[in-house]
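The lines below spell out each chain.
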Amino acid sequence: SQQGEEDPQALSIQEGENATMNCSYKTSINNLQWYRQNSGRGLVHLILIRSNEREKHSGRLRVTLDTSKKSSSLLITASRAADTASYFCATEPSGGSYIPTFGRGTSLIVHP
Amino acid sequence: DAGITQSPRHKVTETGTPVTLRCHQTENHRYMYWYRQDPGHGLRLIHYSYGVKDTDKGEVSDGYSVSRSKTEDFLLTLESATSSQTSVYFCAISDGLARMNTEAFFGQGTRLTVV
């Protein structure tokens, strides 16, 4: 079974709007990471948030982490058509080897 | 892009034949992973390696074997390909050394079709 699960599975918005996607996970973690995958390509790392952090920013990306609820959210502000992609969260479980475990992803479509 | 190359990028093979996919890295990273990606399932871990000759199974390892005789190469073998192994296969690497601050780098993927 997969550790992380993204929600929603699909999201369709207009350019300029904000996009929010969520990730829930099951076990305690060292960190949580978000990746982006453009169609037909490999995943690209976006941002990492450690278990002792609550919020992190990178450009138009804002990630939050609530370890008590075992959940994270990724906010993309002022979205662009180029943000159209699938977004995945991955967790590094605490106490063991680093084996990134991915969810099924959120497919984001940003309409120009 | 990180120095990670998958080969071949596309392959069509017949049921019952063995197939080997190669992942080559130039980053000297300790960890290497093989995932498969299928619609509705996301990425699922097949096998991973934490050093030369050190490998372990992932979530969907049945029908697959791996080998890592050198730091830079991680081979995935489908011993006898089946149609259910039609998928896109991704190799990933990470250094696994900087605890609490690791990220994985992905190859471009291999699209395998078993007919």
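Here, the structure is the one placed above.
Here's what I pulled together on the structure shown here. Note that this is a predicted model, so its numbers are computed, not measured. (Residues numbered from 1 in each chain as written. Chains lettered and ligands numbered in written order. Predicted model: local features only at pLDDT ≥ 70, side-chain atom pairs only at ≥ 80, totals over all residues. Heavy atoms only, no water.)

Before going further, it helps to spend a moment on the environment of Ser87(B). All names here are of chain B. Structurally, serine 87 is set in strand β9 (residues 87-94). Residue class for serine 87 comes out buried when judged on its relative accessible area of 6%. With 51 residues separating them along the chain, serine 87 and arginine 36 place their C-alpha atoms 6.4 Å apart. Residue contacts for serine 87: discarding those within four places in its chain leaves Arg36, Gln37, Asp38, Thr110, Arg111 and Leu112. Only 3.1 Å separates the side chain of serine 87 from the backbone oxygen of glutamine 37, close enough to count as a polar contact. (Helix = DSSP H or I, 4+ residues; strand = E, 2+ residues; numbered from the N terminus. Buried < 20%, exposed > 50% of the residue type's maximum accessible area, 1.4 Å probe, protein only. Contact = heavy atoms within 4.5 Å. Polar contact = N/O pair within 3.5 Å; in protein donor to acceptor, adjacent residues only side chain to side chain.)

The next point concerns unusual backbone geometry. In this structure, the amide linkage connecting Asp7(A) to the following residue, Pro8(A), adopts the cis form with an omega of 0 degrees. The topology assignment puts Pro8(A) in the loop between β1 (5-7) and β2 (10-14). Omega for the peptide link from Ser7(B) to Pro8(B) comes to -10 degrees, which places this bond in the cis form. Note on placement: Pro8(B) falls in the loop between β1 (4-7) and β2 (10-13). For Lys70(A), which is not a glycine, the phi torsion comes out positive at approximately 50 degrees. Among the secondary structure elements, Lys70(A) is positioned in the loop between β7 (61-66) and β8 (71-76). Even without being a glycine, Ala78(A) presents a positive backbone phi close to 45 degrees.

With that settled, the discussion passes to the environment of Ser61(B). All names here are of chain B. One can find serine 61 in the loop between β6 (54-57) and β7 (64-70). With 57 residues separating them along the chain, serine 61 and isoleucine 4 place their C-alpha atoms 22 Å apart. Apart from the residues lying within four places of it in its own chain, the contact partners of serine 61 are Ile46 and His47.

Another aspect to go through is the pattern of salt bridges. Going through the model one piece at a time under the given rule, you end up with eight salt bridges over all chains. Salt-bridge contacts for Arg60(A) lead to Asp83(A); the nearest nitrogen and oxygen are separated by 2.9 Å. Of this pair, Arg60(A) sits in the loop between β6 (55-58) and β7 while Asp83(A) sits in the loop between β8 and β9 (85-93), and the two are 23 residues apart along the sequence. Looking at Arg60(A), the relative accessible area reads 23%, which means it is partly exposed. Put simply, Arg44(B) and Asp38(B) hold a salt bridge, and the shortest N to O gap is 3.0 Å. Residue classification places Asp38(B) among the buried residues on the basis of a relative accessible area of 11%. Overlapping salt bridges, with partners in common, bring together Arg22(B), Lys70(B) and Asp73(B) in one network. (Salt bridge = Lys/Arg side-chain N within 4 Å of Asp/Glu carboxyl O.)

With that settled, consider the interface of chain B and chain A. Listed by partner, the interface residues are 23 residues for chain B and 25 residues for chain A. Along the contact surface separating chain B from chain A lie six residue pairs in polar contact (both at pLDDT 80 or more). Going through the elements one at a time, β4 (31-38), β5 (42-51) and β9 of chain B are the ones with two or more residues in the side of chain B that touches chain A. Among the elements that line the side of chain B that touches chain A, the one with the most residues is β5(B), at five residues. Taken together, the residues of the side of chain B that touches chain A break down into ten nonpolar, nine polar and four charged. (Nonpolar A, V, L, I, M, F, W, Y, C, P; charged D, E, K, R; others polar.)

Here we come to the packing of aromatic side chains. Taken as a whole and assessed by the stated rule, the structure comprises ten aromatic pairs over all chains. Taking 6.2 Å as the distance between ring centres and 35 degrees as the angle between the ring planes, the aromatic pair formed by Tyr33(B) and Tyr35(B) counts as tilted. Both residues of the pair, Tyr33(B) and Tyr35(B), count as buried. Relative to Phe106(B), the ring of Tyr35(B) lies with its centre 5.9 Å away and its plane at 35 degrees, an arrangement referred to as tilted. Of the two residues, Tyr35(B) sits in strand β4 while Phe106(B) sits in strand β10 (residues 105-106), which places them 71 residues apart along the sequence. Judged by relative accessible area, Tyr35(B) falls into the buried class, the value being 1%. For Phe106(B), a relative accessible area of 9% translates into the label buried. Taken together, the aromatic side chains of Tyr35(A), Phe102(A), Tyr31(B), Tyr33(B), Tyr35(B), Phe90(B) and Phe106(B) make up a single cluster linked through ring pairs. (Phe/Tyr/Trp six-rings, centres within 6.5 Å; stacked < 30°, edge-to-face > 60°.)

The values reported here are purely geometric and, on their own, carry no functional implication.
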